[in-house]
4 protein chains.
Amino acid sequence: MRQRPTEASWRQSAYDIIFEADTSAGRWFDIGLLIAILASITVIALETVPEYQSDATWMRRLIIAEQVLTGLFTVEYALRLWCTRHPIRYALSFWGIIDLLSILPSYAPLILGESSHSFVILRSIRLLRVFRIMKLWRMMNDAEELSSAIWRARNKVVVFLAVLLVAVTISGTLMYHVEAVLPGANSPDGTGRTSQFTSIPQSMYWAIVTMTTVGYGDVVPKTTPGKLIAAALILLGYSLIIVPTGFVSAELSGTKADRTDETLDDTVCQACGSKEHHVDARFCDQCGGLL
Amino acid sequence: MRQRPTEASWRQSAYDIIFEADTSAGRWFDIGLLIAILASITVIALETVPEYQSDATWMRRLIIAEQVLTGLFTVEYALRLWCTRHPIRYALSFWGIIDLLSILPSYAPLILGESSHSFVILRSIRLLRVFRIMKLWRMMNDAEELSSAIWRARNKVVVFLAVLLVAVTISGTLMYHVEAVLPGANSPDGTGRTSQFTSIPQSMYWAIVTMTTVGYGDVVPKTTPGKLIAAALILLGYSLIIVPTGFVSAELSGTKADRTDETLDDTVCQACGSKEHHVDARFCDQCGGLL
Amino acid sequence: MRQRPTEASWRQSAYDIIFEADTSAGRWFDIGLLIAILASITVIALETVPEYQSDATWMRRLIIAEQVLTGLFTVEYALRLWCTRHPIRYALSFWGIIDLLSILPSYAPLILGESSHSFVILRSIRLLRVFRIMKLWRMMNDAEELSSAIWRARNKVVVFLAVLLVAVTISGTLMYHVEAVLPGANSPDGTGRTSQFTSIPQSMYWAIVTMTTVGYGDVVPKTTPGKLIAAALILLGYSLIIVPTGFVSAELSGTKADRTDETLDDTVCQACGSKEHHVDARFCDQCGGLL
Amino acid sequence: MRQRPTEASWRQSAYDIIFEADTSAGRWFDIGLLIAILASITVIALETVPEYQSDATWMRRLIIAEQVLTGLFTVEYALRLWCTRHPIRYALSFWGIIDLLSILPSYAPLILGESSHSFVILRSIRLLRVFRIMKLWRMMNDAEELSSAIWRARNKVVVFLAVLLVAVTISGTLMYHVEAVLPGANSPDGTGRTSQFTSIPQSMYWAIVTMTTVGYGDVVPKTTPGKLIAAALILLGYSLIIVPTGFVSAELSGTKADRTDETLDDTVCQACGSKEHHVDARFCDQCGGLL
């Protein structure tokens, strides 16, 4: 791309296409980027499947696809750097770092060398490419309400997590005691126990899996008192866990109610300038003047 | 059925019975159709049970029942075509296609021949008969509110699915890394790993099963760091997944609120200009003037 | 209990104690009955535990406890019949039948004989004693709001169950096709398949267990396309299943809102007698008279 | 700590730091205590992990950490006793007992002696140290709303638990009958049954695990009628269990609505007698008179 007299206008239209979604070209750019991100994630995911790893033909295809996509993301990153007015500011911004992280791990073999002993480290680094999915956020304009609802409910979510932590710790210790310590009374050295509640952290893992109603079934009570206490804890945990659901629900209903429940309107009093009068007020409730 | 001078009136009453549910005959037709659909689905389902497949007597019974039901649906389809004014328009409508699809797969053996090599293809086609269940939709008059609530919440559901996709991709990659890559550090060729997180797609399957609190337990973390991260992801996922529940709940509460708020309407008093009077008010409640 | 001149008053106070919960004696009777019901359920449950069944001492104790409790319930039933004014009407009422069913199965051995060949029938009949738990309902005065909320939401619950039935049928058939039919293409006689989706009813059982997020894990997809489709169905199912939760929630919020949202008050217009005026109305909105 | 003339002021500032969180020092004390509690819980949990138990070096480190933390909690308890005005009242208060329980079990070996035969008892007592997590409650100022919401919904939660108990008892007995009694018809002595529903308590455990959608999968129906009834019970149970979620949600929405409704207060205008003015209104919005 040679530099011409009209470089500024070129740069401006590139900026409009890449950073804005208002124009037709901008929307097509966004759709193309979306497809590239999803294709890239699919390629990264398929590269780890054993069936494809042992098949040289497929691996070659996947590596070529990966190289093409990395090339595209590199061009995109270069274009973004070129067309923005403050390249440094962009490069250090959240999106700049995400964009850089989405291409850098693919170049790791060139930098570290493809020697066998660095295989695991390489693999770890290259998995970072999956953060390309973060580029999707930029397209979610409707996510505002979702994130603001989560943000408003953050205190309650923290309190809830603290309550859950207390419940999980006590439940886990109780179940460990009932399932692993008590039946071990006959074997004082602690051997020969077959309980799946092998330690308190394991029991706490069980408590989290159970209280969130995930219930894998990899750790389950075996003894009768264990089952009895587990059943009681499940019921208590269930009663506990429905509360934050209600909180978020209430928070969102509240937002909605605030918007629809317009008992106060925006009429401005011409005498004193105050706003938000009662919807059927005839006189300003701040200065007594006729509205 | 011989054609008579009164064919138009015959056609009209057939139309009333088949397409409308207002008359007593129409309601009985609907109930009969409902029973036929449910019986047909039951027959299709039972035909696949190994116990019945190996029992010739039962299979003959099921095949006869299937043939009778297919005959009934064929007659119903022919009647619908005959009594409607625009047979082509009906045949190409959503319900026309559903009605055709509910009989066509049963005639597949006649068209393709019952030879053994086409067994699997045949089986696939004949399973399409299960779409007869779609005929049930026609009877659900109360489903309006349900589908409209889902429709209104569609943007939020799409955003939620996108957020979940991001969360699932990152969680899956993280768990794959912790459970399969890191413990494999001692076996650089990647063999000998016993982790159930064999690939990123498998890990993403785990993440979906876990975050929706289904929790089959066919893929579970085995290592201690894996369990630690899984527990953290479960808690984060749970905090994330309660949000859309709240959204739909709020959306539905909103609908309800809108309906109860309509006790006030927007009639303007011609004497004093005040609005939002009681819906059945005849006089303005601000100045006493006639509305 | 000898008959005296004051039998009517005896009967009345027995009625007050047994049928009403207003007096102190009535409350104690209710608490005693509650304990007897829970003890009886515990005894019935323990009688089926293999450890107790093989232990003659425990079985004797349990049988004695059962006989004492049956005696108490028989006395209670006789007293209820005696003190009510219309014994026949009580005997044929819902509670009368529940009370009879809670004692009759215990007398089954006397009627049918304790011979060994009737063991299974006897066992089936005696398990009916568990319906004694239904006697608990009588004590739940606070259950009104719960049952009325369920009652008001019944249409929506029926629609929801119909929608779920359609979703379960289609999901089940799809998964059966993907997991059991397609991989069987190499074995045309259908043998040698190891899929857990052995038939459509089994697949529908999987779909119900999955969509309600129970997720036992006894039936799980094994093939890669099966897992892909299962993940998609879980997400769709989850999006579907949060809707009725929202419905009931909205129904209950609505009830609450109706009660608290008093924008209309109960001022009665002295001129025309109409009620429910706007809270800050100064004139009756029905006749224009000053309130 | 020598007694000086300014002991009272010392005591006062210690009280401010330890019992209040308003000052900067008080906040740092709280953060330090939080870290100490979490570290202590982590140490207790790690002491039970078999890998660490068999490693003498790690066990020594953990025991030292535990002794240091117990020392800190002992100093904290002594300081609290010293700086409060009514040491007895504090010692007998809820927090006093929690604080004592968090140090006492660590001193159990000194009191009971570390002999091997008291190992299990010791272990049970020392696990009580986990109640240190209860000290966290003191820091949760935001938990008010959560606990008040649970408190207000307590009646409904009790009713719900009673309904669930009835549902669980009936479901459990039904499944026991279908899975264990009926297939046993051929083996009248009850032997040779392979059902996982070995007894009614076991079946009730299954019902609780299923109805709360935890679904471990350690107890699942094996027979076809068992699966059919289980599927029906899951759907009924799911319809039942979404109700209390709605209750709590509605209760919380109600609280929120009550709060937002308070933009209108009950001030009565002395000129025209109108009520429900805007909370910061100075003039009546109906007649313009001063409030």
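Just so it is clear, the structure is predicted and the values come from calculations on it, not from any experiment.

**A short note on the nonpolar core**
Proteins that are soluble and globular tend to have nonpolar side chains buried together.
Consideration 1: Counting 120 residues, the largest nonpolar core has Trp 206 of chain A, Trp 206 of chain B, Trp 206 of chain C together with Trp 206 of chain D as its most contacted members.
Consideration 2: Contacts of Trp 206 of chain B, omitting those with residues within four sequence positions, involve Tyr 216 of chain A together with Met 175, Phe 197, Val 219, Pro 221, Ala 230 and Leu 233 of chain B.

**Notes on the environment of Ile 17 of chain C**
Residues and elements named next belong to chain C.
Consideration 1: If you trace the backbone, Ile 17 turns up in helix 1 (residues 7-19).
Consideration 2: Along the chain, Ile 17 and Asp 30 lie 13 residues apart, while their C-alpha atoms are 8.6 Å from each other.
Consideration 3: What Ile 17 contacts, discounting residues up to four positions off in sequence, is Ala 25, Gly 26 and Phe 29.

**Details of helix 1 (residues 7-19) of chain A**
Because each turn of an α-helix spans 3.6 residues, side chains separated by three or four positions in sequence point in the same direction.
Residue and element names in this part refer to chain A.
Consideration 1: Spanning 13 residues, helix 1 covers 18 Å between terminal C-alpha atoms, matching the ideal 18 Å at 1.5 Å per step.
Consideration 2: Residues Glu 7, Ala 14 and Ile 18 constitute the buried set of helix 1. On an axial view of helix 1, the arc spanned by its buried residues comes to 25°, and they lie on one face.
Consideration 3: The inward-facing, buried residues of helix 1 contact helix 2 (24-47) and helix 4 (56-83).

**As for the pattern of salt bridges**
Oppositely charged side chains can form a pair if their charged atoms are brought close together.
Consideration 1: Applying the stated criterion across every chain yields a total of eight salt bridges over all chains.
Consideration 2: Its salt-bridge partner being Asp 99 of chain B, residue Arg 80 of chain B comes within 3.6 Å of it at the nearest N-O pair. Separated by 19 residues along the polypeptide, Arg 80 of chain B in helix 4 (residues 56-83) and Asp 99 of chain B in helix 6 (residues 94-101) bring together distant segments of the chain.
Consideration 3: What you see here is one network of salt bridges that share partners, running through Glu 76, Arg 80 and Asp 99 of chain A.

**Topic: the packing of helix 2 (residues 24-47) of chain D against helix 4 (residues 56-83) of chain D**
Residues and elements named next belong to chain D.
Consideration 1: Packing of helix 2 against helix 4 leaves a shortest axis separation of 10 Å and a crossing angle of 145°. Where helix 2 crosses over helix 4, the handedness of that crossing is left-handed. Residue-level inspection shows Phe 29, Leu 33, Ala 36, Ile 37, Ala 39, Ser 40, Val 43, Ile 44, Leu 46 and Glu 47 of helix 2 in contact with helix 4, the latter providing Met 59, Leu 62, Ile 63, Ala 65, Glu 66, Leu 69, Phe 73, Glu 76 and Arg 80.
Consideration 2: The residue inventory of the contact of helix 2 with helix 4, partitioned by class, reads 14 nonpolar, one polar and four charged.

**Structural notes on the side chain of Ser 106 of chain D**
Residues and elements named next belong to chain D.
Consideration 1: As for its placement among the helices and strands, Ser 106 is situated in the loop between helix 6 (94-101) and helix 7 (108-112).
Consideration 2: In this structure Ser 106 comes out as buried when scored by relative accessible area, which is 14%.
Consideration 3: Looking at Ser 106, its side chain comes within polar contact range of the side chain of Thr 70, at 3.2 Å.

**Points about helix 6 (residues 94-101) of chain C**
Residues and elements named next belong to chain C.
Consideration 1: Along helix 6, the residues classified as buried are Gly 96, Ile 98 and Asp 99. One side of helix 6 carries all its buried residues, which in axial view fall inside an arc of 165°.
Consideration 2: Of the surrounding elements, those touching the buried residues of helix 6 are helix 4 (56-83) and helix 5 (87-92).
Consideration 3: Its side-chain oxygen 3.2 Å from the backbone nitrogen of Gly 96, Ser 93 forms the N-cap of helix 6.

**Section: the packing of aromatic side chains**
Residue and element names in this part refer to chain D.
Consideration 1: Under the definition given, this model contains 12 aromatic pairs over all chains.
Consideration 2: Both rings, one in Phe 197 and one in Trp 206, keep their centres 5.3 Å apart while their planes meet at 70°; by these two values the pair is edge-to-face. Of the two residues, Phe 197 and Trp 206, both sit in the buried class.
Consideration 3: One cation-aromatic arrangement involves Arg 61 over Trp 58; the distance from NZ or CZ to the ring centre is 5.1 Å.

**Brief notes about the packing of helix 1 (residues 7-19) of chain B against helix 4 of chain B**
All names here are of chain B.
Consideration 1: Helix 4 packs onto helix 1 with a crossing angle of 125° between their chain directions and a minimal axis gap of 9 Å. Here helix 1 lies oblique to helix 4, going by the angle between them. Remark: the crossing between helix 1 and helix 4 carries left-handed chirality. The segment helix 1 lies against helix 4, with Glu 7, Trp 10, Arg 11, Ala 14, Tyr 15, Ile 18 and Phe 19 engaging Leu 79, Arg 80, Trp 82 and Cys 83.
Consideration 2: A breakdown of the residues in the contact of helix 1 with helix 4 according to their chemical character gives eight nonpolar, no polar and three charged.

**A closer look at unusual backbone geometry**
With the exception of glycine, most residues fall at negative phi, and the peptide bonds are largely trans.
Residue and element names in this part refer to chain A.
Consideration 1: A positive phi angle, near 60°, is found at Thr 213, a position not held by glycine.
Consideration 2: Here Thr 213 lies in the loop between helix 11 (200-211) and helix 12 (224-260).
Consideration 3: Judged by relative accessible area, which is 7%, Thr 213 ranks as buried.

**Details of the confidence of the model for chain A**
All names here are of chain A.
Consideration 1: Model confidence for chain A is summarised by a mean pLDDT of 75, while 63% of its residues fall at 70 or above.
Consideration 2: This stretch, residues 185-193, has a pLDDT under 50; its non-local contacts, to residues over four places away or in other chains, come to five contacts.
Consideration 3: Note on residues 257-265: pLDDT under 50 across the span, and 16 contacts to partners over four residues away in sequence or across chains.
Consideration 4: Both confidence scores are given for the complex: pTM 0.79, ipTM 0.76.

Rules of the game
- Here the residue index of a chain counts from 1 through its sequence in written order.
- Chain letters start at A and ligand numbers start at 1, both assigned in the order the entries are written.
- For this predicted model, a pLDDT threshold of at least 70 governs which residues receive local features, and a threshold of 80 or more governs which side-chain atom pairs are given and counted, while totals over whole chains, interfaces and linings are taken from all residues.
- Heavy atoms from the whole structure form the basis of all side-chain values; hydrogens and water molecules are not counted.
- Residues belong to one nonpolar core when they are buried, are Ala, Val, Leu, Ile, Met, Phe, Trp, Tyr or Cys, and are joined through side-chain atoms within 4.5 Å.
- For every residue, the accessible area obtained with a 1.4 Å probe (protein chains only) is divided by the maximum for its type, and the residue is called buried under 20%, exposed over 50%, and partly exposed between those limits.
- In what follows, residue pairs with any heavy atoms lying within 4.5 Å of each other are defined as contacts.
- The helix and strand labels rest on DSSP assignments: H or I over at least four residues marks a helix, E over at least two residues marks a strand, and numbering proceeds from the N terminus.
- Under the convention used throughout, the expected extent of a helix is 1.5 Å for every residue step, that is, one less than its residue count.
- The directions considered for the arc are those from the helix axis to the C-beta atoms.
- The working definition used for a salt bridge is a side-chain nitrogen of Lys or Arg within 4 Å of a carboxyl oxygen of Asp or Glu.
- In this analysis an axis means a line fitted to C-alpha atoms, helices contributing only their contacting stretch, and an angle means the value between N-to-C directions, from 0 to 180 degrees.
- Put simply, a crossing is left-handed when the front helix is turned counterclockwise from the back one by less than a right angle, and right-handed when it is turned clockwise.
- Each residue receives one of three labels: charged for Asp, Glu, Lys and Arg, nonpolar for Ala, Val, Leu, Ile, Met, Phe, Trp, Tyr, Cys and Pro, and polar for the others, Gly being one of them.
- N or O atoms closer than or at 3.5 Å make up a polar contact, with two conditions inside protein: a donor-capable atom paired with an acceptor-capable one, and, for residues adjacent in sequence, both atoms drawn from side chains.
- Between the rings of Phe, Tyr and Trp (Trp by its six-membered ring), a pair exists once the centres lie within 6.5 Å; its type follows the angle of the planes, with under 30 degrees stacked, over 60 edge-to-face, and the other angles tilted.
- Criterion for a charge above a ring: Arg CZ or Lys NZ at most 6 Å from the ring centre, at most 35 degrees from the ring normal.
- Between 65 and 115 degrees an angle is taken as roughly perpendicular, under 35 as roughly parallel, over 145 as roughly antiparallel, and anywhere else as oblique.
- pLDDT measures how confident the predictor is about each residue, on a scale from 0 to 100.

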